Amino acid sequence: MLCVPVRSILAFQSRTVCCAAIKSNGLIYPNHTNFTISKRYAVTDLVGVNTKSKISDFIDRFQIMNPLNKSKYEANSWILYEKLVDQIPFDQIMTKLDLPDTFNSWFIITELHLWMIFVRLMNEGTRGTMIRNFIMEALWNDVEFRSKKLATVSSDVRHRQIKELSDQLRGALVGYDEGWLNNDMVLASMVWRRVFNKECNDPEKIELVVKYIRKQMSILQLQTFDSLFTKKDVKWIKFV
């Protein structure tokens, strides 16, 4: 499944991944606040900065655990995932980097972009963590949906391969975090390992990805939570 050509089958077309989560009507409109995340901030829970007091975090947890609010966050998170993925410049990236036209390439590119969104969300405390988790649920729902269309394989084989992707994703998030928290050399090393599977001998291609990450992250740093989550005004920059 991981090496099955995807462009001719899926064509990265729009699809509905929201399922039951979207059935909960209504959107949540948080208060608009101007906020810029620090340059060095990670997506993982193990590395981070406490940006809120314990009291405000407790209030957030209390409000979020309201079933109605939680369902609205979930619906919005799934919608946000769909919009984010639909706008990723897959064709540009795969062409510029000479990546194989496979399901695995689609997943690695998607994974990188979601990680950048997670970095921004993790500065939102409890609600950011919850939104990240809902987006992860949407991702695996999408992976399941796409994998069923790619090849005729048994459910056991498909589930085993998806489990492998899950393990790789966890490692990739930590690896990108390490590069983000250190320097471009460490980040480039992660890009070489993950995006190119240690098979790229062209440093210019690796540099393209690192520059893309830095530019995109600088834009995300300036976005408010309201523009990102409520308005879903996220546009990926052109990959050049």
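This text goes with the structure placed above it.
In short, a report on the structure. (Residues numbered from 1 in each chain as written. Predicted model: local features only at pLDDT ≥ 70, side-chain atom pairs only at ≥ 80, totals over all residues. Heavy atoms only, no water.)

1. Some points on the overall build of the protein chain
Reasoning step 1: Counting its regular elements, the protein chain contains 9 helices and 0 strands.
Reasoning step 2: Secondary structure elements in the protein chain, listed N-terminal to C-terminal, are α-α-α-α-α-α-α-α-α.
Reasoning step 3: Summarising the internal contacts of the protein chain: among those between residues at least 6 apart in sequence, 78% fall at separations of at least 24.
Reasoning step 4: When the accessible surface of the protein chain is summed, it comes to about 12100 Å², and 55% of that surface belongs to carbon and sulfur atoms. (Helix = DSSP H or I, 4+ residues; strand = E, 2+ residues; numbered from the N terminus. Contact = heavy atoms within 4.5 Å. Areas by Shrake-Rupley, 256 points an atom, 1.4 Å probe, with all protein chains shown as cover.)

2. Side note on the pattern of salt bridges
Reasoning step 1: Scanning the entire structure with this criterion turns up 13 salt bridges.
Reasoning step 2: A salt bridge links arginine 127 to glutamate 124, with the nearest nitrogen and oxygen atoms 2.8 Å apart. Exposure class is identical for arginine 127 and glutamate 124. Each is buried.
Reasoning step 3: Between aspartate 226 and lysine 231 there is a salt bridge, with its nearest N and O atoms 3.8 Å apart.
Reasoning step 4: Here lysine 231 falls in the exposed class, since its relative accessible area comes to 56%.
Reasoning step 5: Here the salt bridges do not stand alone but share partners, grouping Arg120, Glu124 and Arg127 into one network. (Salt bridge = Lys/Arg side-chain N within 4 Å of Asp/Glu carboxyl O. Buried < 20%, exposed > 50% of the residue type's maximum accessible area, 1.4 Å probe, protein only.)

3. Thoughts on the environment of arginine 194
Reasoning step 1: Position of arginine 194 relative to the elements: it lies in helix α7 (residues 184–194).
Reasoning step 2: Spatially, the C-alpha atom of arginine 194 lies 8.8 Å from that of glycine 175, the residues being 19 residues apart in sequence.
Reasoning step 3: Setting aside residues up to four positions removed in sequence, arginine 194 forms contacts with Phe107, Ile108, Glu111, Gln168, Ala172 and Tyr176.

4. Here we look at helix α3 (residues 90–97)
Reasoning step 1: Of the positions making up α3, those classed as buried are Phe90, Ile93, Met94 and Leu97. Buried residues of α3, viewed axially, fall in a sector of 95 degrees; they line one side.
Reasoning step 2: Aspartate 98 sits one or two positions beyond α3 and adopts a positive phi of about 55 degrees. (Arc of directions from axis to C-beta.)

5. Details of the packing of helix α4 (residues 103–121) against helix α8 (residues 203–221)
Reasoning step 1: Relative to each other, α4 and α8 sit at 35 degrees, their axes nearing to 10 Å. Here α4 runs over α8; the crossing is right-handed. Contact with α4, carried on its side by Leu112, His113, Trp115, Met116, Ile117, Val119 and Arg120, involves Val209, Tyr212, Ile213, Gln216, Met217 and Leu220 of α8 and no other residues of that element.
Reasoning step 2: In terms of residue class, the contact of α4 with α8 is built from 10 nonpolar, 2 polar and 1 charged. (Axes fitted to C-alpha atoms, helices over the stretch in contact; angles between N-to-C directions. Left-handed = near helix turned anticlockwise from the far one by under 90°. Nonpolar A, V, L, I, M, F, W, Y, C, P; charged D, E, K, R; others polar.)

6. Looking at empty space enclosed by the protein
Reasoning step 1: Applying the stated criterion to the full structure yields 1 cavity of 30 Å³ or more.
Reasoning step 2: Taken as a whole, the largest cavity encloses approximately 60 Å³ of empty space.
Reasoning step 3: What lines the largest cavity is simply Ile93, Leu97, Leu99, Ile108, Ile109, Leu112, His113, Val195, Val209, Tyr212 and Phe239.
Reasoning step 4: Elements supplying a minimum of two residues to the lining of the largest cavity: α3, α4 and α8.
Reasoning step 5: Residues that form the lining of the largest cavity fall into these classes: 10 nonpolar, 1 polar and no charged. (1 Å grid on protein atoms, 1.4 Å probe; cavity = no way out; pocket = protein on both sides within 12 Å on 5 of 7 lines; lining within 4 Å. Points joined across faces, edges and corners; volume = space filled by probe spheres on them.)

7. What about the environment of arginine 132?
Reasoning step 1: Here arginine 132 shows up in helix α5 (residues 125–150).
Reasoning step 2: The spatial distance from the C-alpha of arginine 132 to the C-alpha of serine 77 is 7.9 Å, given a sequence separation of 55 residues.

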